[in-house]
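Close look at the chain arrangement
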Amino acid sequence: MHTLQQLADLLGVPCPAGATKELATVSSLIDATPSDLSVLTSDKYVREYKKTHAGAVLASKKVKFSVRPDVPVLTVDDAELALVKVLEVMAPPIPHPAEGIHPSAVIDPSATVGANPHIGPHVVVGAGVKIGNNVRLHPGVVIGDDSTLGDDCTLFANVVLRERITLGSRVMIHAGAILGTDGFGYRWDGSKHAKVPQIGTVVVEDDVEIGSNTCIDRAKFNETRIGKGTKIDNLVQLGHNVRVGMHAILCGQVGIAGTVTVGNGVVLGGASVVRDHVHIGDGVMAAGHSVIADDVEPKMIISGMPAIAHRQNLREQGAIRRLPELMVELRKVQELIEKYRKAGLIQE
Amino acid sequence: MHTLQQLADLLGVPCPAGATKELATVSSLIDATPSDLSVLTSDKYVREYKKTHAGAVLASKKVKFSVRPDVPVLTVDDAELALVKVLEVMAPPIPHPAEGIHPSAVIDPSATVGANPHIGPHVVVGAGVKIGNNVRLHPGVVIGDDSTLGDDCTLFANVVLRERITLGSRVMIHAGAILGTDGFGYRWDGSKHAKVPQIGTVVVEDDVEIGSNTCIDRAKFNETRIGKGTKIDNLVQLGHNVRVGMHAILCGQVGIAGTVTVGNGVVLGGASVVRDHVHIGDGVMAAGHSVIADDVEPKMIISGMPAIAHRQNLREQGAIRRLPELMVELRKVQELIEKYRKAGLIQE
Amino acid sequence: MHTLQQLADLLGVPCPAGATKELATVSSLIDATPSDLSVLTSDKYVREYKKTHAGAVLASKKVKFSVRPDVPVLTVDDAELALVKVLEVMAPPIPHPAEGIHPSAVIDPSATVGANPHIGPHVVVGAGVKIGNNVRLHPGVVIGDDSTLGDDCTLFANVVLRERITLGSRVMIHAGAILGTDGFGYRWDGSKHAKVPQIGTVVVEDDVEIGSNTCIDRAKFNETRIGKGTKIDNLVQLGHNVRVGMHAILCGQVGIAGTVTVGNGVVLGGASVVRDHVHIGDGVMAAGHSVIADDVEPKMIISGMPAIAHRQNLREQGAIRRLPELMVELRKVQELIEKYRKAGLIQE
């Protein structure tokens, strides 16, 4: 529970009447009950404010509306941003396995585990693994031999790390993600696809977050690398030897083929795919479902299939919408010329 | 084993000669052996009927063919539909963990488990979890703290539910699916992507089925919700705060970004993706691989990238097929006009 | 460690000066240290060779460059191919569970396990399962009742096989893959989507490799089948009754709907999708992200959405790039004709 006064203090704004009102959590204007704080971010939701049962509302100062006396308002510059601060204090703690090592976990005697481990039931930790301090391994996590985890890492249930994988500190990996699967490489030997050994590894730098059921393959040799602070959503596929820079954002179902480099701060919208060996420059933004088949210059905004400059893609899409009609018009021009010619109005 | 007579009775149709013939299972006309029932749904498979080794055949009455005396035929209005009834009686039972709680399962003492549980090896059930009657939890399932499962739920191997997830009754979740991962939300704080707490949950209503390795994220606040009777295929991604209505069908690899609403009875073809905040009206049908970037009116049939009315998309696709030739024709018109002008046939 | 002489002998090429030099592993020219062998496959990397710290380099004979005396060069016809041979001898062994059956594994008494098993912690093997010789089951693997595994199969962590699945010999399945989930089939019974029983199975022939978190559904009846030697990447979805031929390559995130047949030697690029009931002929190659909606003749090279002959797709894409400009030109032609008509230069 937080009082309205406490929230006003947190956000550094004046507290309206009702300072002792207690708020338990955050909810939308429509769903809120009197113990909820809600949020009003734009004029189009004023109608919902008029009917809300929220105990109080966080509103952006640009929104124009009449304050209801029964629903006090905390006015802030940017309600969306202020909401994040509120969520941070109101968020219920995420449950983790109890401190210690659950008796059903199987830890190889040659593995080392740092201070304050939270290792849950049915976890398996292989030979030579080095685990830092304050690491949480949820049930069913499997860590392959000779892997290394920095401090404060959290691996949710059933995450698998194959052998020789390296995680930095504060890495969070969501349930079901798989790191270090063999890269997908074969050569045709005349009668079959012979497997090309994938002797490299995966290195995940500090503060990376990796989504559920995402797959990151180990390198053919050297490493597949995810740069510091990069965030990866669910069901993403990263092939062998991919290198992603720092603070990139890869949305759900992105697929990146082998040996692609992705620059710092790149944002790839959901379900975008990147052809092998492509280089994506720093700061590129790709709309959802971009199909990136060629190198992309830094800071470009791209979209489409194949992905091109977003502005050009919009023009082409507009043109395609009118294409059937264009064909009719061209036919008319051709018929007109033909008619004139036949009528002798144009003589050759 | 079912006799031909039993199947005829099941389907409410007359039994042909051979009433005591015993049939063990269903197979295609090509693969069938004498103990198999097969199915003839259209004229184009009559050739296969002529050569089949099936013991008997289920045929739609619209199909024109000569009955072989050695392969008796059950004639029905719709063989495809009748087949479903036959499959229901012939299907071998799906194996589930034995009744009781396997000794290797780890059930928190504060969890409550209803009557007749089937909880398999290496399952983990967290604190405060409430499990209804007749629930089957296959090996490796992990249920996070304070989650609730209704009666008659089946969770196949290695399914993960994070904390505070709610399942209705008769929910079936296939192996490897993950519910309740944090929604993918960050804000750039000047030096890094700071994680926006995702304090909401996931609610799955009665009779929902969820495919293997599908991911359904928890809400930023409030809930991500899957409506009663909706069926979701494998490898689908649903972002935070998505709300899917009742009796929808989401085919394999569909991806839905945050805060999308999907109406009742909507069908999204395989690999379709939906941009965040889009509203899809009731009864919409989207062809496979639609890229849905804007709101869709109820009952529309859509396709394409971006998805538009299917009929319009077909016209545009047809026009694109002829586009290279169109360009040649336009060039000819331009040259003709130029020729006339140069020849003085058109004077300015 | 391998000496330069040993590697020269392996590749059947003359050994340069430095025959006793020891090389531990393979690395790129940029990342290599003196104990690494590196590789020079094309003229564009000669610059990197000039600066490399590699102990020795494997170079294709077509590459033109001056050999540095401190970095001896093994010259071969095709460095890429020779590299595979080197990787095969230098690859560190992939760790597997220890020989025997881990005490935490739960093996049904009616299951049979062949010679030399390597069954790791928390594995579950159901009733009636038959496991061949030299099989490795990594932690958390779950094998459903009455499934059969041939000799020398490797299933990485948390792989799930449902009941009655058949694997040939030397099948490798990567972590998190799920075989045998119910096919996605329903019929609308007037008030709900009634589940169509999926009584078939999945058969995986010899020497198949299946990627992480890939899903292969069981058949409605008969079988879903993956042909000998086929290789499937991560996060691929294969629907019920799909039949894939021999030696096919299905890249990451490919999605194949129900009852599709894929011929021998077919290559489907990453994220390609195939509509249900389509037949893809032998030897077809589809570029990444192809949307295959109709049958494809053998040996065609296709791309696009919908996928068409690759050459035609390139022409259309080129035309689309020029489409906005084309519209401007057509407008000019129309205006010109109108101008002439108004000026009386063309009389009707």
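Residues numbered from 1 in each chain as written. Chains lettered and ligands numbered in written order. Predicted model: local features only at pLDDT ≥ 70, side-chain atom pairs only at ≥ 80, totals over all residues. Heavy atoms only, no water.

Residues and elements named next belong to chain A. Summarising burial for strand E4 (residues 36–40): five of the five residues are buried, a large majority. Every second residue of E4 is oriented toward a common face, with Asp36, Ser38 and Leu40 on one face and Leu37 and Val39 on the other, all of them buried. Judged from the two bridges that link them, strand E3 (residues 25–26) and E4 form a sheet pairing that is parallel. Its bridge partner being in E4, Thr25 is matched across the sheet by Asp36. Examined bridge by bridge, E4 and strand E5 (residues 56–60) share four bridges and lie parallel to one another. Paired with Leu37 across the bridge in E5 is Ala56. Each parallel crossover has a hand, and the one from E4 via helix H2 (residues 46–51) to E5 is right-handed. (Buried < 20%, exposed > 50% of the residue type's maximum accessible area, 1.4 Å probe, protein only. Helix = DSSP H or I, 4+ residues; strand = E, 2+ residues; numbered from the N terminus. Pairing = 2+ DSSP bridges. Right-handed = clockwise from strand over helix to strand, strands pointing away.)

Another point: the state of the cysteines. Summed over the entire model, instances satisfying the criterion amount to zero disulfides over all chains. Free cysteine Cys215 of chain A: the closest other cysteine sulfur is in Cys215 of chain C, separated by 10.0 Å. (Disulfide = S-S within 2.5 Å.)

Residues and elements named next belong to chain B. By secondary structure assignment, the location of Thr75 is in strand E6 (residues 73–76). Residue classification places Thr75 among the partly exposed positions, given a relative accessible area of 42%. Each C-alpha atom of the pair Thr75 and Gly128 lies 55 Å from the other, and the pair is 53 residues apart in sequence. Excluding residues within four positions of it along the chain, Thr75 makes contact with Val13, Ala59 and Lys61. (Contact = heavy atoms within 4.5 Å.)

As a further point, take the interface of chain A and chain B. Where interface size is given, it is often the accessible area lost as the parts come together that is meant. If you look at the interface, chain A gives 62 residues, while chain B gives 64 residues. Summed over both partners, the interface of chain A with chain B buries about 5,200 Å², with 67% contributed by carbon and sulfur atoms. Of all residues in chain A, His122, His289 and Met327 of chain A bury the most surface against chain B, accounting for 11% of the area lost on that side. Remark: the boundary between chain A and chain B carries six salt bridges. In this structure, Glu316 of chain B and Arg321 of chain A form a salt bridge, with 2.8 Å as the shortest nitrogen-oxygen distance. Seen at the junction of chain A and chain B, the total is 23 residue pairs in polar contact (both at pLDDT 80 or more). (Buried area = accessible area lost by both parts, 1.4 Å probe. Salt bridge = Lys/Arg side-chain N within 4 Å of Asp/Glu carboxyl O. Polar contact = N/O pair within 3.5 Å; in protein donor to acceptor, adjacent residues only side chain to side chain.)

Under the domain assignment used here, chain A contains domain 1 (2–90), domain 2 (100–310) and domain 3 (317–348). Taking the mean C-alpha position of each, domain 1 of chain A and domain 2 of chain A sit 39 Å from one another. (Domains from an automatic or database assignment.)

Our focus in this paragraph is the relation of the copies chain C and chain A. The two copies are related by a screw motion: chain C maps onto chain A through a turn of 120° and a shift of 0.0 Å along the axis, at an RMSD of 0.1 Å. Such a combination of turn and shift is consistent with a three-fold rotation axis. (Least-squares fit on C-alpha atoms with pLDDT ≥ 70 in both.)

Attention now goes to the sheet that holds strand E20 (residues 178–181) of chain C. Residues and elements named next belong to chain C. Ordered by their spatial adjacency, ten strands build an open sheet running E8-E11-E14-E17-E20-E25-E28-E31-E34-E37, and the pairing between neighbours is parallel. Lying at the two open borders of the sheet, with one neighbouring strand each, are strand E8 (106–107) and strand E37 (291–292). As defined by bridge partners, E20 adjoins strand E25 (residues 215–217) across three bridges and the pair is classed as parallel. Pairing of Leu179 across the sheet is with Ile216, part of E25.

Our next topic: helix H5 (residues 323–342) of chain B. Under the 1.5 Å per step criterion, the end-to-end length of H5 of chain B is 29 Å for 20 residues, consistent within 8% with the ideal 28 Å. Considered for burial, the residues of H5 of chain B that qualify are Leu323, Pro324, Leu326, Met327, Glu329, Leu330, Val333, Leu336, Ile337 and Tyr340 of chain B. (Expected span 1.5 Å × (residues − 1).)

Summed over the entire model, instances satisfying the criterion amount to six aromatic pairs over all chains. Each ring, one from Phe184 of chain A and one from Tyr186 of chain A, has its centre 5.2 Å from the other, and the planes form 80°; the classification is edge-to-face. Taking the ring centre of Tyr49 of chain B as reference, the NZ or CZ of Arg68 of chain B above it sits at 5.9 Å. Looking at Arg162 of chain C, its charged tip hangs above the ring of Phe156 of chain B, at a distance of 4.1 Å from the centre. (Phe/Tyr/Trp six-rings, centres within 6.5 Å; stacked < 30°, edge-to-face > 60°. Lys NZ or Arg CZ within 6 Å of the ring centre and 35° of its normal.)

Here we take up the packing of helix H4 (residues 310–321) of chain A against helix H5 (residues 323–342) of chain C. Look at H4 of chain A against H5 of chain C: their axes get within 8 Å of each other, and the N-to-C directions meet at 55°. Viewed along their axes, H4 of chain A and H5 of chain C adopt a mutual orientation that is oblique. Taken together, the residues of H5 of chain C that come into contact with H4 of chain A (itself represented by Arg315, Glu316, Ala319 and Ile320 of chain A) are Leu323, Pro324 and Met327 of chain C. Residues belonging to the contact of H4 of chain A with H5 of chain C are distributed by class as follows: five nonpolar, no polar and two charged. (Axes fitted to C-alpha atoms, helices over the stretch in contact; angles between N-to-C directions. Parallel < 35°, antiparallel > 145°, perpendicular 65-115°, else oblique. Nonpolar A, V, L, I, M, F, W, Y, C, P; charged D, E, K, R; others polar.)

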